[in-house]
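Here's the letter readout for the chains.
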Amino acid sequence: MMQQGGIRKTTSELPVTESSLTYPLVREHIFCGLPESVLAELEEISSPSTYSKDAILFVEGQESRGAFVICNGRVKLSTGSSRGKSFMVRMAEAGEVVGLPGTISGKPYELTAQALEPLQANFIPREAFLQFLRQRGEAAVTVAGILSRIYQATLSEVRYLGLSASTAEKLARFLLDLPAKPIQGNGHIQATLTLTHKEIGEMIGASRETVTRLFASFRHERLVRVLDSTVIIANKAGLEKLLDA
């Protein structure tokens, strides 16, 4: 790590101007309710860094070095098979922590974390983090809550594969699980689609071509409409029928 003009830089030569712990989104998602003094202690043991698109934060099976607090950007968390096939377990966004289970347990990272786009994150070394949690019970409770949400998110992903009989059902379940809001006047539901067809395929165990074909089929059946990164569920009952097929 080198200093240039008072701005810390990583080996990727991207400037880091501020700790990600100071961003409102990160505080709201992770550290809501923690005293400023506790946040200051956490910031003392954290190191801000930037990562280019496709950069690897850690690899499945690697010894756990610590956790990463995402400031901005998205991280793909995936697992691979001996045949080289990759399955996306989930996608982490700004305001989330990745690498936390291994950091707490001391076991190797269970997943591979890869930047889907340029991102900034804070790295918290394992031993310093554990010592911090031993001394700050309120922070330990917060981390327990984060681990619980990770567990729930992982269970949701398992549902796509274990409880779905067909790829169409998996995609329908994926769309119905998206955070959405109703559109007044017509009963439709609107959600933001942040993943590409390839990434959705990695999450539901299908090829990009299959996902694209199914989206076209859903549009033809007037179940959904897709406008850029917005997906409108026009027939929620129709999608739900696919889950019972």
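Up top is the structure these notes are about.
So, here is what we can say about the structure in this document. (Residues numbered from 1 in each chain as written. Predicted model: local features only at pLDDT ≥ 70, side-chain atom pairs only at ≥ 80, totals over all residues. Heavy atoms only, no water.)

### Focus: the pairing of strand E7 (residues 75-80)
Each regular strand carries side chains that alternate between the two faces of the sheet.
Now for step 1: With six bridges connecting them, E7 and strand E8 (residues 86-92) associate as antiparallel partners. Residue pairing for E8: serine 78 is matched across the bridge by methionine 88.
Now for step 2: A loop of five residues connects E7 with E8, the two strands running antiparallel in sequence, and glycine 84 in this loop sits at a positive phi of about 90°.
Now for step 3: Across four bridges, E7 lies against strand E10 (residues 112-115) in antiparallel orientation. When the bridges of E10 are listed, valine 75 appears paired with alanine 115. (Pairing = 2+ DSSP bridges. Helix = DSSP H or I, 4+ residues; strand = E, 2+ residues; numbered from the N terminus.)

### Notes on the packing of aromatic side chains
Now for step 1: As enumerated under the stated definition, the model contains five aromatic pairs in all.
Now for step 2: Ring centres of tyrosine 51 and phenylalanine 68 lie 6.3 Å apart, and the angle between their planes is 75°; on these two criteria the pair is classed as edge-to-face. Pair noted here: tyrosine 51 is in strand E4 (residues 47-51) and phenylalanine 68 is in strand E6 (residues 66-72), with a separation of 17 residues, a long-range link. Of the two residues, tyrosine 51 and phenylalanine 68, neither departs from the other in class, the shared state being buried. (Phe/Tyr/Trp six-rings, centres within 6.5 Å; stacked < 30°, edge-to-face > 60°. Buried < 20%, exposed > 50% of the residue type's maximum accessible area, 1.4 Å probe, protein only.)

### Some remarks on the packing of helix H6 (residues 167-176) against helix H9 (residues 236-243)
Now for step 1: Two numbers describe how H6 lies on H9: the axes approach to 8 Å, and their chain directions differ by 135°. Considering their axes alone, H6 and H9 lie oblique with respect to each other. Relative to H9, the crossing made by H6 is left-handed. Contacts from Ala168, Glu169, Ala172, Arg173, Leu175 and Leu176 of H6 reach H9 at Lys236, Leu239, Glu240, Leu242 and Leu243.
Now for step 2: Residues that form the contact of H6 with H9 fall into these classes: seven nonpolar, no polar and four charged. (Axes fitted to C-alpha atoms, helices over the stretch in contact; angles between N-to-C directions. Parallel < 35°, antiparallel > 145°, perpendicular 65-115°, else oblique. Left-handed = near helix turned anticlockwise from the far one by under 90°. Contact = heavy atoms within 4.5 Å. Nonpolar A, V, L, I, M, F, W, Y, C, P; charged D, E, K, R; others polar.)

### Some words on the sheet that holds strand E13 (residues 189-192)
Now for step 1: As summarised here, the arrangement of the four strands in space is E12-E13-E15-E14, forming an open sheet in which the pairing is antiparallel. Every other strand in the sheet has two partners, leaving strand E12 (180-182) and strand E14 (224-227) as the edge strands with one partner each. Here the strands of the sheet are splayed against their neighbours by 25° on average, with no regard to which way each runs.
Now for step 2: Relative to strand E15 (residues 230-233), E14 is paired through four bridges, and the arrangement is antiparallel.

### Some points on the side chain of threonine 142
Now for step 1: With respect to the helices, strands and loops of the structure, threonine 142 is situated in helix H5 (residues 137-162).
Now for step 2: Since its relative accessible area comes to 18%, threonine 142 is described here as buried.
Now for step 3: Separated by 3.2 Å, the side chain of threonine 142 and the backbone oxygen of glutamate 138 make a polar contact. (Polar contact = N/O pair within 3.5 Å; in protein donor to acceptor, adjacent residues only side chain to side chain.)

### Considering the nonpolar core
Now for step 1: With 25 residues, the main nonpolar core has Leu171, Phe174, Leu175, Ile200 and Val224 as its most contacted residues.
Now for step 2: Mapped onto this core, the elements with two or more residues apiece are E8, H6, E13, helix H7 (197-204), helix H8 (208-220) and E15.
Now for step 3: The residues touching leucine 171, leaving out its near neighbours within four places in the chain, are Ile200, Ile204, Val211, Leu214, Phe215 and Phe218. (Core = buried A, V, L, I, M, F, W, Y, C linked by side-chain atoms within 4.5 Å.)

### A closer look at the pattern of salt bridges
Now for step 1: As enumerated under the stated definition, the model contains nine salt bridges in all.
Now for step 2: Salt-bridge contacts for glutamate 202 lead to lysine 76; the nearest nitrogen and oxygen are separated by 3.2 Å. Taken as a pair, glutamate 202 in helix H7 and lysine 76 in strand E7 lie far apart in primary sequence, 126 residues in all. Here glutamate 202 matches lysine 76 in class, with each residue buried.
Now for step 3: A salt bridge links arginine 126 to glutamate 127; the shortest N-O distance between them is 3.0 Å.
Now for step 4: By relative accessible area, which is 18% here, arginine 126 ends up buried. (Salt bridge = Lys/Arg side-chain N within 4 Å of Asp/Glu carboxyl O.)

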